Amino acid sequence: MGTHAQPAAARSQSVVTHENKVLAVVVCLAASFIELCTAIDMCTEQGKCDHTRAQLAIYIGAIGTVLCAIRLPLFRFRPSVALFDVHLGFILTLGWSIGVAFNTSTGGPFTKTNNGYYSSWLALLAAGSFAYVSAEDVVRASVDGEIARQDRALIVVFFASLVELSVAADVCDMGTCTGNETAGLILGVASLLMVGTHLALVRNRHAWCQTTGRILAPLAISIWAAAAGVNTSTGGPFTSSCDESVPAANGFFSTWIAFFASLYYAWTQLLVFLPPDTISHSFGGDKCDGIGIAAHDQPYQSLSMVEEE
C-alpha cells in the first residue's frame, strides 16, 4: 500500500503545480495584454509616443504578451518543462519588476490608478507566482520555511515600507521635498530599519526577538498611523491615488497597506497580555527560540501560559 500511496501523492502534487502554472500564465497574459493596449492607447491618443517611458511600457507589455502566449498552448503538449519554466519565470518576473518600477514611478505613464497601473502590478504578481511554482522543490521549501518562521503581517509591513520609502524618495528627488514629504521619508526609513532588524532577529532565533516583537508592535502602529496622517491628508504627498503629478498611487496604497498590516501585527502581539480564557482564535505570528508568539496554526497562548511552560 505504501508503494502506491507515494506515486499517487506525487501525481496529485504535480497536478496542483500544473494547474497553478496555467493559472499564473493566463493571468500574466491577460495583464500583459491590457498593459500593452493601455500603453498603445496613451501613445496614440495622448501623443506620448516619443516618451521613453511610454515606449518602454509598450515593449515590456508586448514581450510579456508574446512569452505567455507561446507558453500557454504548450501546456497541452508539454505540461512540464522544468528548466524552460524556471528561465521563463525569471525573465517574466525581471521584466515586470522593471515595468512596474518605470511605469508607476515619477515620469512613468501609469503614476495614477488606471488600467495600466493595475495591470502592471497584476502582471508582476502573476509572473512572481509562476516563477515560484516553477522553482525546484528545495527552493520552494526554503522559501516556505522562511515565511513560516516569520510573521506574515510583518513581512507585508516590511515590503510596504520599502515601497513607501522609494516613492517618498522619488517625490523628494523631483525637488518638491517639503515638510510632509520629508516626514514620509523619515517614517519609511524608521519602519524599514526597525522591522528589518526584528525579522533578522527572528530568522536567527535571537534571545531578544520576543522582547523586540512586543516593543515593535506599538511602535509600528504608531509610525504608520502618523504616516497615514502625514502622507494622505490635505497637503500630503499621497492625498489620492489619482494624482498624476506625483507617483501617488504607490505611495497611497503602500501607506495604508502598511498601516493595516501593522495594526494586525500589533493585535497579535499584544494579545499575550490577555487572560487565556478570553481568546479562542488562532493567529499567525513569528517564532522565537521555539516558542510561538501566537504561533502559526497553533492554539492561542497567553503570556501566563507561555511563562508556565
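Everything here concerns the structure above.
The structure reproduced in this document is the subject of the present report. (Residues numbered from 1 in each chain as written. Predicted model: local features only at pLDDT ≥ 70, side-chain atom pairs only at ≥ 80, totals over all residues. Heavy atoms only, no water.)

As a further point, take the overall build of the protein. Along the protein, the regular secondary structure elements total 10 helices and two strands. Listing each helix as α and each strand as β along the protein from the N terminus yields α-α-α-α-α-α-α-α-α-β-β-α. When burial is assessed residue by residue, the protein has 41% of its 309 residues classed as buried. Considering only residue pairs separated by 6 or more positions, the protein has 71% of its internal contacts joining residues 24 or more positions apart. Counting every atom, the protein has about 15700 Å² of accessible surface; 67% of that belongs to carbon and sulfur. (Helix = DSSP H or I, 4+ residues; strand = E, 2+ residues; numbered from the N terminus. Buried < 20%, exposed > 50% of the residue type's maximum accessible area, 1.4 Å probe, protein only. Contact = heavy atoms within 4.5 Å. Areas by Shrake-Rupley, 256 points an atom, 1.4 Å probe, with all protein chains shown as cover.)

As a further point, take the pattern of salt bridges. If you walk through the whole model with that rule in mind, you get two salt bridges. Aspartate 85 is the partner of lysine 21 in a salt bridge, and the nearest nitrogen-oxygen pair spans 2.9 Å. One end of the pair, lysine 21, is in helix H1 (residues 2–45); the other, aspartate 85, is in helix H3 (residues 82–103), and 64 residues separate them in sequence. Accessibility classification places lysine 21 together with aspartate 85 in one group, the buried group. (Salt bridge = Lys/Arg side-chain N within 4 Å of Asp/Glu carboxyl O.)

Let's shift gears to a nonpolar patch on the surface. A surface patch of nonpolar side chains, amounting to about 470 Å² of accessible area, comprises Phe90, Ile91, Leu94, Ile98 and Phe102. By the element assignment, leucine 94 lies in helix H3. Exposure remark for leucine 94: the relative accessible area of 44% places this residue in the partly exposed category. (Patch = residues over 30% accessible without salt bridge, like charges linked within 9 Å, V, L, I, M, F, W, Y side chains within 5 Å.)

This part is about the environment of phenylalanine 110. For phenylalanine 110, the position within the fold is in the loop between H3 and helix H4 (115–134). Residue classification places phenylalanine 110 among the buried residues on the basis of a relative accessible area of 0%. Residues phenylalanine 110 and alanine 249 lie 139 residues apart in sequence; the distance between their C-alpha atoms is 9.0 Å. Excluding its chain neighbours within four sequence positions, the residues that come into contact with phenylalanine 110 are Glu35, Thr38, Ala39, Met42, Ala57, Asn103, Thr104, Gly116, Tyr117 and Ser120.

This part is about helix H8 (residues 209–232). Across its 24 residues, H8 extends 32 Å between first and last C-alpha, which sits within 8% of the 34 Å expected from 1.5 Å per residue. Along H8, the largest kink reaches about 30 degrees and is centred on leucine 216; proline proline 218 follows within four residues of it. (Expected span 1.5 Å × (residues − 1). Bend = angle between axes of the 7 residues up to and from the residue.)

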